[in-house]
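Observations on the model geometry
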Amino acid sequence: MQALVTTDWLAEQLGSRDLVVFDATKYLPNEPKDGRTEFRLARIPGARYFDIDEVADPDTDLPHMVPTPGRFAKLMNSLGVSNAARVVFYDQKGLASAARGWWLMGLFGHDDAAVLDGGLPKWLREGRATEHGDPPSDAPSDAPPRAPSGSYVGAASGSALGAPSGPSAAAFRPDFRAARLRGIGDVLGNVTTRAELVLDARAAGRFTGATPEPRAGMRSGHIPGSASLPYTDLLNADGTFRAPEALRARFAAAGADGTRTPVTSCGSGVTACILTLGLRLAGLPEGAVYDGSWTEWGGRTDTPVETN
């Protein structure tokens with residue numbers, strides 16, 4: 001399975017026993033919506049909710065930091081994901097938070113994961129089936145296919161209406177890939193060495209400090225030596241990813257030409273994963289994600305900040 005899948009592909013695959021579909025929506029603190037509430041109002045048939053704040057380290061005050069391998073495995077087991085599963089993530093805004101789920105799967109050794117190009121908005125524009133209401137409790141993964149929950153609205157020709165039953169019963173066993181992750185110590189050291197290229201996925205105004213951060217009390221600006229590459233620059237007007245050659249041009253303009261390992265950053269480690277996915281699609285080295293991102297860096301008083 002490719003790292004990016006189309007709505008046509010997903011519509012054909014719905015109902016497959018080895019397929020798990022997740023809504024991984026995360027709204028910013030200044031957005032008056034709740035991902036789980038919206039999930040109950042409309043979702044792709046059979047989808048489950050992937051809560052970025054729960055698939056995280058509970059022992060830190062930073063938002064949705066990477067969990068331990070043991071916690072990740074336990075949560076994947078509870079969500080019906082085995083090492084044999086194909087996992088597709090989407091979000092309600094198009095391409096904003098789904099890539100975080102994709103990146104986490106790869107971080108813990110599961111490469112059979114993808115992001116739905118254009119997300120739920122594209123699915124809805126095409127008139128494809130949705131369901132709403134409370135999803136059923138996850139059935140055991142070796143159970144027979146279950147009836148979908150809620151009610152269906154619309155259906156494009158060829159759309160599957162049956163909810164997937166989940167992959168074959170097996171525990172999820174993680175294979176943690178530490179090289180794909182950076183901590184604040186790594187990034188602080190890189191301010192001096194500039195051995196790696198930090199790419200900032202936030203909007204340009206937040207990078208320069210002209211626009212206040214959505215989290216109250218947070219300093220404005222950027223990590224010294226980092227380059228601004230808003231994640232929206234990688235997307236077409238309809239919220240889908242640009243073609244690989246266009247992605248390569250945008251990365252090159254930001255200094256990412258493959259000569260230095262890229263480290264992606266953003267507000268809290270979510271849209272940074274869009275840049276990492278974009279690097280994959282562009283055929284460039286993926287590098288790593290700075291998990292704490294600006295929430296950690298800008299929330300401290302002992303980290304250098306540039307504005308311009």
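It should be noted that the structure appears before, not after, this text.
Description of the overall build of the protein
When its secondary structure is counted, the protein shows 10 helices and 12 strands. Classification of the 308 residues of the protein by burial places 53% in the buried group. A fraction of 77% describes how many contacts in the protein between residues 6 or more apart in sequence connect residues 24 or more apart. If you sum the accessible surface of the protein, you get close to 12400 Å²; carbon and sulfur atoms cover 51% of it.

Digging into the packing of helix 8 (residues 244-253) against helix 9 (residues 272-282)
At a closest axis distance of 8 Å, the pairing of helix 8 and helix 9 adopts a crossing angle of 120 degrees. Put simply, helix 8 runs oblique to helix 9. The handedness of the crossing between helix 8 and helix 9 comes out as left-handed. Residue-level inspection shows Pro244, Leu247, Arg248 and Phe251 of helix 8 in contact with helix 9, the latter providing Leu275, Gly278, Leu279, Leu281 and Ala282.

Description of helix 3 (residues 69-78)
Taken together, the buried positions of helix 3 are Phe72, Ala73, Leu75 and Met76. Angular distribution of buried residues about the axis of helix 3 spans 165 degrees; they occupy a single face of the element. Away from the buried face of helix 3 by more than 90 degrees, exposed residues Gly70 and Lys74 are located. Summarising the contacts, the buried residues of helix 3 are in contact with helix 4 (98-107).

Side note on the pattern of salt bridges
According to the stated counting rule, one finds 18 salt bridges in the structure shown. In this structure, Asp200 and Arg202 form a salt bridge, with 2.8 Å as the shortest nitrogen-oxygen distance. Taken as a pair, Asp200 and Arg202 share a single burial class, namely buried. Between Arg280 and Glu286 there is a salt bridge, and its shortest N-O distance comes to 2.3 Å. Residue Arg280 is classed as partly exposed on the basis of its relative accessible area of 32%.

Structural notes on the sheet that holds strand 1 (residues 4-5)
Through backbone hydrogen bonds, the strands of a sheet pair up, either in parallel or in antiparallel fashion. Pairing in this open sheet of 5 strands is parallel, and the strands run 1-5-4-2-3 from one edge to the other. On the outer flanks of this sheet lie strand 1 and strand 3 (48-49), each paired with one strand and no other. Across 5 bridges, the pairing between strand 2 (residues 19-23) and strand 4 (residues 86-90) is parallel. Note on strand 4: the bridge partner recorded for Leu19 is Arg86.

Considering the layout of surface pockets
Volume-wise, the largest pocket comes out at about 420 Å³. Lining the largest pocket we find 26 residues, and of these Leu28, Lys93, Arg206, Tyr231 and Thr271 sit closest to its centre. In the lining of the largest pocket, the residues fall into 14 nonpolar, 7 polar and 5 charged.

With respect to the environment of Gly119
Examined against the element boundaries, Gly119 turns out to sit in helix 5 (residues 119-125). We classify Gly119 as buried; its relative accessible area is 0%. When the C-alpha positions of Gly119 and Ala96 are compared, they lie 9.0 Å apart, and in sequence the two are 23 residues distant.

Side note on the packing of helix 4 against helix 9
What describes two packed helices is the angle between their axes and the distance between those same axes. Interhelical geometry of helix 4 versus helix 9 gives an angle of 65 degrees and a closest axis separation of 8 Å. As far as their axial angle goes, helix 9 and helix 4 are roughly perpendicular. Crossing geometry of helix 4 relative to helix 9 is assigned as left-handed. Together, Ala99, Arg100, Trp102 and Trp103 of helix 4 and Cys273, Ile274, Thr276, Leu277 and Arg280 of helix 9 make up the contact between the two elements. Taken together, the residues of the contact of helix 4 with helix 9 sort by class into 6 nonpolar, 1 polar and 2 charged.

Here we look at the nonpolar core
Judged by nonpolar contacts, the single largest core of 51 residues is most densely connected at Phe50, Met76, Val81, Phe89, Leu104, Met105 and Phe251. Excluding residues within four positions of it along the chain, Met105 makes contact with Phe72, Met76, Val81, Val87, Phe89, His110, Ala113 and Phe172. Counting 16 residues, the second-largest nonpolar core is a separate cluster that includes Val21, Ala47, Val88 and Leu120.

Some details on the side chain of His64
Structurally, His64 is set in the loop between strand 3 and helix 3. Under the relative-accessibility criterion, His64 is labelled buried at 4%. Among the polar contacts made by the side chain of His64, one reaches the side chain of Ser268 at a distance of 2.7 Å. Residues in contact with His64, not counting those within four places in the same chain, are Lys26, Ile52, Asp53, Ala56, Arg100, Arg215, Ser268, Val270 and Asp291.

About the thresholds
Residues numbered from 1 in each chain as written. Predicted model: local features only at pLDDT ≥ 70, side-chain atom pairs only at ≥ 80, totals over all residues. Heavy atoms only, no water. Helix = DSSP H or I, 4+ residues; strand = E, 2+ residues; numbered from the N terminus. Buried < 20%, exposed > 50% of the residue type's maximum accessible area, 1.4 Å probe, protein only. Contact = heavy atoms within 4.5 Å. Areas by Shrake-Rupley, 256 points an atom, 1.4 Å probe, with all protein chains shown as cover. Axes fitted to C-alpha atoms, helices over the stretch in contact; angles between N-to-C directions. Parallel < 35°, antiparallel > 145°, perpendicular 65-115°, else oblique. Left-handed = near helix turned anticlockwise from the far one by under 90°. Arc of directions from axis to C-beta. Salt bridge = Lys/Arg side-chain N within 4 Å of Asp/Glu carboxyl O. Pairing = 2+ DSSP bridges. 1 Å grid on protein atoms, 1.4 Å probe; cavity = no way out; pocket = protein on both sides within 12 Å on 5 of 7 lines; lining within 4 Å. Points joined across faces, edges and corners; volume = space filled by probe spheres on them. Nonpolar A, V, L, I, M, F, W, Y, C, P; charged D, E, K, R; others polar. Core = buried A, V, L, I, M, F, W, Y, C linked by side-chain atoms within 4.5 Å. Polar contact = N/O pair within 3.5 Å; in protein donor to acceptor, adjacent residues only side chain to side chain.

By themselves these figures say nothing about function.
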